Amino acid sequence: QLLFAALFLLLAAPFAPAQNSSALINETLDKLVALDIPNQTIPQAIKTIADATGVRVEVAPAVYALLPWGEQTTIHAKIENQTLRGALEAITRKLGLTFELKDEYVELEPLPALARLGRRANVDELGVLDLLSRTPLDSSADHLSVKQLLTDVDAKLKAANSPFAVENRAFADNASAVQIPVSRNMTLLDAMEAIPQNTDATWYPWGNTLVVRPKVD
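Presented here is an overview of the structure given in this document. Per chain, residue numbering runs from 1 following the sequence as it is written. Totals for whole chains, interfaces and linings use all residues, but because this is a predicted model, local features are given only for residues with pLDDT of at least 70 and pairs of side-chain atoms are given and counted only at 80 or more. Just so you know, side-chain values use all the structure's heavy atoms and leave hydrogens and water out.

Here we look at the packing of aromatic side chains
Okay, step 1: Stacked, edge-to-face and tilted labels apply to pairs of Phe, Tyr and Trp rings (six-membered ring for Trp) whose centres lie within 6.5 Å, assigned for plane angles under 30 degrees, over 60, and everything in between, in that order. Across all of its chains, the model carries one aromatic pair by this definition.
Okay, step 2: Geometrically, the ring pair formed by Tyr204 and Trp206 is edge-to-face, given 6.1 Å between the ring centres and 75 degrees between the ring planes.
Okay, step 3: In this scheme, a residue with accessible area under 20% of its type's maximum is buried, one over 50% is exposed, and one in between is partly exposed, where area comes from a 1.4 Å probe on protein chains only. A relative accessible area of 11% means that Tyr204 is categorised as buried.

Right, here's the structure in full:
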């Protein structure tokens, strides 16, 4: 019995630090922080965040190839009386990124729409992703047809004086028949992501359009 217990402890020990690190980071993400990031490159900004919070931040391999100036893309942010989670959400949103809690660090990753772009985004394309992520869909329905969803997104972009418009290359006569699940608290970005999650079409920003096209393309 003692031998079994000793073996169990040896086997369990390597997993404990990662689990503890993840829990500690998650706890830190919900603490209020003050951050001053004055036009720093992403690597510099990451160091500023790590120095101020003790949280290690890594960048996924694909990120720099998708940003306008790669590693030299700059961040300007002054965060006060906000949680670290909220601060990271605000910072990454401006760059078309999101973040994920790993075992021992937080990783910055491209939003799916940015990853699908397949080239460096320009400033306007990052800007429309930010706009989509901040704008509520405001639908009282639990399902919308693809046609209605795209019409609503188009109208919201126009109301926000955005130069972007939806370009539908995926749905023709069936646009009214294909139904997409939606919820009241969805943003426009969430609603657009419901298309690749529930249909054979996908989308991404391109030039001054949100291109919706078949996945097989």
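Here the narrative resumes.
Re the sheet that holds strand β10 (residues 209-214)
Okay, step 1: Each pair of strands is called paired provided DSSP finds at least two bridges between the two strands. Runs of H or I in DSSP of at least four residues are treated as helices and runs of E of at least two as strands, each being numbered from the N terminus. Taken in spatial order, the three strands line up as β7-β10-β9 in an open sheet, and their pairing is mixed. Each end of this open sheet is capped by a strand with a single partner; those strands are β7 (165-168) and β9 (201-206). Across the sheet, the mean angle separating the axes of adjacent strands is 20 degrees when strand polarity is ignored.
Okay, step 2: By the bridge criterion, four bridges tie β7 to β10 in an arrangement that is parallel. Pairing of Asn168 across the sheet is with Val212, part of β10.
Okay, step 3: Sheet contacts for helix α7 (residues 123-134): β9 and β10; angle to β9, the most-contacted strand, approximately 125 degrees.
Okay, step 4: Contacts are residue-level and defined by heavy atoms, with any inter-residue pair within 4.5 Å sufficient. To get an axis, a line is fitted to the C-alpha atoms, and for a helix only the part in contact is used. The angle between two axes follows their N-to-C directions and goes from 0 to 180 degrees. Strands in contact with helix α9 (residues 188-198) are β9 and β10; relative to β9, the strand with the most contacts, it is inclined by about 135 degrees.

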